[in-house]
Amino acid sequence: MLNREELPTADNSSNMNRVADGKQAIGTTLENLKAAVSGETGASAKYAAYAEAAEAANKKQAAKLFRAASAAEQVHIRLESDLVRAEEPDFANPTADAPAVPEIDLALIDAAYGEMYETSDMYPGFIAKAKEEGNDRAVMVFTKAKLAESVHAEMYLQAYNNLDALDDESYYMCPGCGYIHKGKDIKNCPICGAPSSVFKEF
């Protein structure tokens, strides 16, 4: 993802449309925040399990990416659950069990599918509803997550295409929005502007 002259928002970005046959149910913004927390919790658990399997299969690059993505989903969970707790202080984050793990190549495709769903269906619908309700904080949080998920999908497909290549480059995850970058050639997060010095290496 390239840096722009200004950080991307739901209003200055052209890639915020929702697919015409969207499957995600859209409720109130509070309901959507809870749904997002639940979905991201499942994704984080799934990617953690996939990382362990990739490590065991000696697919270390895929394992690094899955670990980075699992941590990125935790960023989204934190941002979204904070907004839920602003309205419902007693809200408890859900938990998720680790799923069955397919072969590593199929795990990467499964992960890419999930991220594409979130960036093309779930989050655009949630963003539109938050805008309709005038909830600017939710719009911002959903937008950060949506943009990060599209990058995750791209990373998963790159890892799929290069599953058997020799590659030991690290991934770096932005703690402000969950953006993932491969390699050290980055100064600031293109989504939230955080300096690369705060990124977590995987």
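Residues numbered from 1 in each chain as written. Predicted model: local features only at pLDDT ≥ 70, side-chain atom pairs only at ≥ 80, totals over all residues. Heavy atoms only, no water.

### Re the overall build of the chain
Selection criterion: Only runs of H or I of at least four residues qualify as helices and only runs of E of at least two qualify as strands under DSSP, and these elements are numbered from the N terminus. Using a 1.4 Å probe on the protein chains alone, a residue whose accessible area is under 20% of its type maximum counts as buried, one over 50% counts as exposed, and one in between counts as partly exposed. Contacts are assigned to residue pairs that have any heavy atoms within 4.5 Å of one another.
For the chain, the helix and strand inventory stands at four helices and three strands. Along its sequence from the N terminus, the chain presents helices and strands in the succession α-α-α-α-β-β-β. If one aligns the C-alpha atoms of the chain with their principal axes, the spans along those axes are about 50 × 40 × 35 Å. For the chain, the residues scored as buried account for 47% of the 202 residues in total. Sequence separation of at least 24 residues holds for 74% of the intrachain contacts in the chain that already meet a minimum separation of 6.

### Details of the packing of aromatic side chains
Spelled out, the test is: Pairs were defined over the aromatic rings of Phe, Tyr and Trp, the Trp ring being its six-membered one, requiring ring centres within 6.5 Å. Orientation was assigned from the angle between planes: stacked under 30 degrees, edge-to-face over 60, tilted for the rest.
Enumeration over the complete set of coordinates arrives at seven aromatic pairs. Judged by centre distance (5.4 Å) and plane angle (55°), the ring pair of Tyr47 and Tyr156 falls under tilted. Taken as a pair, Tyr47 in helix 1 (residues 29-56) and Tyr156 in helix 4 (residues 136-161) lie far apart in primary sequence, 109 residues in all. Taken individually, Tyr47 and Tyr156 each receive the classification buried, so the pair is uniform in this respect. The interplanar angle of 45° and the centroid separation of 5.8 Å between the aromatic rings of Tyr123 and Phe142 together place this pair among those described as tilted. Pair noted here: Tyr123 is in helix 3 (residues 104-132) and Phe142 is in helix 4, with a separation of 19 residues, a long-range link.

### Quick word on the sheet that holds strand 2 (residues 180-182)
Rule in force here: Two strands form a pair only when DSSP identifies at least two bridges running between them. Each axis is a line fitted through C-alpha atoms, taken for helices only over the stretch in contact, and angles between the N-to-C directions span 0 to 180 degrees.
Spatial strand order, 2-1-3: three strands in an open sheet with antiparallel pairing. Across the chains shown, the open sheet's two edge strands, defined by having one partner strand only, are strand 2 and strand 3 (200-201). Alignment of strand 1 (residues 171-173) against strand 3, held across two bridges, turns out to be antiparallel. When the sheet's bridge partners are listed, Met173 is paired in strand 3 with Lys200. Contacts from helix 2 (residues 60-87) reach strand 1 and strand 2, with the element oriented near 5° to strand 1. Contacting strand 1 and strand 2, helix 4 runs over the sheet at an angle of about 35° to strand 2.

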